[in-house]
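Examination of the molecular architecture
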Amino acid sequence: MGGAAPGRTGRRAHVRRGAPPWPRARADGAHARPAARDRRPGVRTARRRRGRLVVRGGGGRVARAGPRGRPDVARPGARRLARHPYAGLDQPWAAAERARLAELRLVATERRAEVRIALGDAAGVVPGLDAHVAEHPWREEAWRLLALALYRSGRQADALAVLRRARAMLAEELGVDPGPQLAELEGQILRHQVGADAATPDDVWRDTASAYERVVAAGARSRLESTATLLRTLALSGGEGLAAARSQRVAAIRAAEQLGDPELTARVIGAFDVPGSWTRSDDAGAAAEMAAAAERTLAALPADAPDAVRSRLLATVAMESRGLPGPRGPEAARQAETLAQRAGDPAVLAFALAGRYLTRFERTGLAGERDAIGAELVALAARHGLSTFEILGHLVRTQALSALGDHDGAEAHADEAAALGVRYERPLVAVFTGWFAALRVAASGAPVEVAERAYRQAAGSLNGSGMPGLADGLLPLALLALRVWRGVPADGGVPDGGAPAREAAHPAAARDAGTNSAAGDSSRWGPYEPWARPHLLLARGADAEAAAAVRRLSDPPPGLLAEVLWILAGRAAIAVGDRRVAERARAALVPAAEEVSAGSGVLTAGPVRDHLNALAEFLDG
């Protein structure tokens, strides 16, 4: 073959070894078999010699790879091609690709030098890095590597001189200080601690993000998928991260849909498998848009799309339908679970179970069923290392068991969730466990002032949490539910036209909250204003207005606070003598007759049975 000598090194030797009579394709660019145009007299093709690959062409050597795979010789024409790709082409695409490849070449030069330094060849890379720095003086990574190579070669003074030269050049030419990596290396050299510690998480993040930005082409579809994965982590950080993740998730889905690739859109939607533990959406408009996008993508997927992909989309529909009446959310959750079980993927099944939990509020009194979902989530997630879903399972069980009156069991799961939240850096877990602690104080029969103080303390964790669906109106609702349960009048003013309402001053409460409002700093009633208004009007003596407000009451939305809102409606109906609303409240609450804390895990209006007894006495007495 080509320049091979006959005999043992010829074709028969290759056949005896079971290998083809030409070199196989290689990652380093050697051709698998010479093309027909290269089979000219005088042209020699690739041959192997003692662990080296030598590729020859008509009259000159192109490249040689040594035993360690290092290219050590290159023909001048090949070097020019590598340094100036697409030379002579002026089209915009060629210019952009030329710039990208040039940056990749520079990064590769630096990474190769870094590897050689790590392998102990620091002295060998100094000349090349010196030339690299001279040619590209604005690359701080090149300066860092040169200084590091000098230091590792025993030339500490030269290494410090290089870093000072870099600082002076950056200051004089650009008016900027060196980046943190250069400053850190200088300090390590002065302390003789270079390489004493492994890279920090911040170092790894910075280097990876920088490499991604340089290497992955702008506009690449993979950027959308990477963004969706990053948004998942951002959402779990809470606060600003959660708010940013919500808005950017919508933008990512819109961008994916514009590309007209439903499978890509499905991956972008499905990558954000962040479960919710509260049944009111933080952004109803965004939730509706995401649910609609998931539905469109489901319809556009090919018939052979994997079950796991369809399950994630259906679970997204269920998740984003939380707190909404109608059958679509529960139906999507059931379908997602069926497909997930068929797919056999634990993470997909966990996401589907999270969707089923959020939609299992079709009526009151379902705390027992939700507890079973929570138990299944905990077992599945713990078995497969799905920490986010394990935390969710414990929170679900905290909510459900508190509703069923098992406060000790609920507390055990709250403690487990809190420990996992600390271990996996999930700060929002503390918001829910803090509110559960306040619920326990209220449920213990503590004086109203003590329970109110506990609720206000818990409310502090809502500031900056990025969860308006939970925060809006929660503190005043908790205080009102407590007062209604204890038979204490609901002090305070009434909101006009849905504006924020504030309870009237309660001396002890004002001292505790540091404000003149018994509702503390968080006094907005939010979505709970219709159910609070009758009680506030009654406290002011406006009985006729209260009766009118009771008549206007609609059914509460499905969710964790449905029982509490029905209790407020029923108690207000008793107070104004409205039998129709009282009948509705009793019918709604009967399935939850054995529940004692209204199922939310964050506040309580007392045992449901007590309120049913009051309704029965009013209606049947």
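Since the structure is predicted, the reported quantities are computational estimates derived from the model, not experimental observations.

**Comments concerning the overall build of the protein chain**
On a plain count of helices and strands, the protein chain comes out with 28 helices and four strands. By the burial criterion, 46% of the 621 residues in the protein chain qualify as buried. With an accessible surface of roughly 30,000 Å², the protein chain has 53% of that area assigned to carbon and sulfur atoms.

**Brief notes about helix α4 (residues 122-135)**
Taking 1.5 Å as the rise per residue, α4 with 14 residues should run 20 Å; its terminal C-alpha atoms sit 20 Å apart, in good agreement. The largest bend in α4 comes to about 30°, at glycine 128. For α4, the set of buried residues is Ala122, Val125, Val126, Leu129, His132 and Val133. Buried positions along α4 lie against α3 (92-118) and α5 (140-152).

**Overview of the packing of aromatic side chains**
Overall, the coordinates contain two aromatic pairs when judged by the stated rule. Between tyrosine 357 and phenylalanine 361, the aromatic rings sit 5.9 Å apart at their centres with planes inclined by 70°, giving edge-to-face as the arrangement. With respect to burial, tyrosine 357 and phenylalanine 361 carry one shared label: buried. Relative to tyrosine 455, the ring of tryptophan 435 lies with its centre 5.8 Å away and its plane at 35°, an arrangement referred to as tilted. Of this pair, tryptophan 435 sits in helix α19 (residues 429-443) while tyrosine 455 sits in helix α20 (residues 448-459), and the two are 20 residues apart along the sequence. The pair tryptophan 435 / tyrosine 455 is uniform in exposure class, with both members buried. When the ring centre of tryptophan 485 is taken as reference, the NZ or CZ atom of arginine 486 above it lies at 4.9 Å. One Lys or Arg, arginine 579, reaches over the ring of phenylalanine 618 and ends 5.9 Å from the middle of that ring.

**Quick look at the nonpolar core**
Of all hydrophobic cores here, the largest spans 117 residues; its most connected members are Trp435, Tyr455 and Leu603. Tallying contributions element by element places helix α15 (residues 346-358) first for this core, with 10 residues.

**Here we look at α5**
Under the 1.5 Å per step criterion, the end-to-end length of α5 is 18 Å for 13 residues, consistent within 8% with the ideal 18 Å. In terms of residue burial, α5 counts as a mostly covered element, since 11 of its 13 residues are buried. Listed as buried for α5 are Glu141, Ala142, Trp143, Arg144, Leu145, Leu146, Ala147, Leu148, Ala149, Leu150 and Tyr151. As for α5, its buried residues are in contact with α3, α4, α6 (156-174) and α7 (180-191). Glycine 154 sits one or two residues past α5 and shows a positive phi near 85°.

**With respect to the environment of proline 558**
With respect to the element layout, proline 558 can be found in the loop between α25 (543-551) and α26 (562-576). Beyond its immediate chain neighbours, meaning those up to four positions away, proline 558 contacts Gly323, Leu324, Pro325 and Phe361.

**Brief notes about unusual backbone geometry**
A positive phi angle is found at glutamate 425, which is not glycine, with a value near 55°. Assignment of secondary structure puts glutamate 425 in the loop between α18 (407-423) and α19.

**Digging into the pattern of salt bridges**
Applying the stated criterion across every chain, the model contains 37 salt bridges. Two residues, arginine 155 and aspartate 158, come together in a salt bridge whose shortest N-O distance is 2.9 Å. Classification of arginine 155 as partly exposed rests on a relative accessible area of 40%. Look at aspartate 158 and you get partly exposed, because its relative accessible area is 34%. In this structure, glutamate 225 and arginine 267 form a salt bridge, with 2.9 Å as the shortest nitrogen-oxygen distance. One end of the pair, glutamate 225, is in helix α9 (residues 221-236); the other, arginine 267, is in helix α11 (residues 262-270), and 42 residues separate them in sequence. A relative accessible area of 27% means that glutamate 225 is categorised as partly exposed. A cluster of three or more residues bridged by salt bridges with shared partners is formed by Glu103, Glu110, Arg139 and Arg214.

**A few points about the packing of α15 against helix α16 (residues 367-384)**
Two packed helices can be described by the angle between their axes and the distance between those axes. Where α15 contacts α16, the axes come no closer than 10 Å and their chain directions differ by 160°. Here α16 runs roughly antiparallel to α15, going by the angle between their axes. As α15 packs across α16, the resulting crossing turns out to be left-handed. Between α15 and α16, the residues in contact are Pro346, Leu349, Ala350, Leu353, Ala354, Arg356 and Tyr357 and Arg370, Ile373, Glu376, Leu377, Leu380 and His384, respectively.

**Notes on the packing of helix α13 (residues 307-320) against helix α14 (residues 328-343)**
At their nearest, the axes of α13 and α14 sit 8 Å apart, and the two run at 155° to each other. The orientation of α13 with respect to α14, classified from their angle, is roughly antiparallel. Helix-helix and strand crossings are classified by hand; for α13 and α14 the assignment is left-handed. Contacts between α13 and α14 involve Asp307, Ala308, Arg310, Ser311, Leu314, Ala315, Val317 and Ala318 on the former and, on the latter, Arg328, Gly329, Ala332, Ala333, Gln335, Ala336, Leu339, Ala340, Arg342 and Ala343. Looking at the contact of α13 with α14, its residues break down into 11 nonpolar, three polar and four charged.

Calculation notes
- Residues numbered from 1 in each chain as written.
- Predicted model: local features only at pLDDT ≥ 70, side-chain atom pairs only at ≥ 80, totals over all residues.
- Heavy atoms only, no water.
- Helix = DSSP H or I, 4+ residues; strand = E, 2+ residues; numbered from the N terminus.
- Buried < 20%, exposed > 50% of the residue type's maximum accessible area, 1.4 Å probe, protein only.
- Areas by Shrake-Rupley, 256 points an atom, 1.4 Å probe, with all protein chains shown as cover.
- Expected span 1.5 Å × (residues − 1).
- Bend = angle between axes of the 7 residues up to and from the residue.
- Contact = heavy atoms within 4.5 Å.
- Phe/Tyr/Trp six-rings, centres within 6.5 Å; stacked < 30°, edge-to-face > 60°.
- Lys NZ or Arg CZ within 6 Å of the ring centre and 35° of its normal.
- Core = buried A, V, L, I, M, F, W, Y, C linked by side-chain atoms within 4.5 Å.
- Salt bridge = Lys/Arg side-chain N within 4 Å of Asp/Glu carboxyl O.
- Axes fitted to C-alpha atoms, helices over the stretch in contact; angles between N-to-C directions.
- Parallel < 35°, antiparallel > 145°, perpendicular 65-115°, else oblique.
- Left-handed = near helix turned anticlockwise from the far one by under 90°.
- Nonpolar A, V, L, I, M, F, W, Y, C, P; charged D, E, K, R; others polar.

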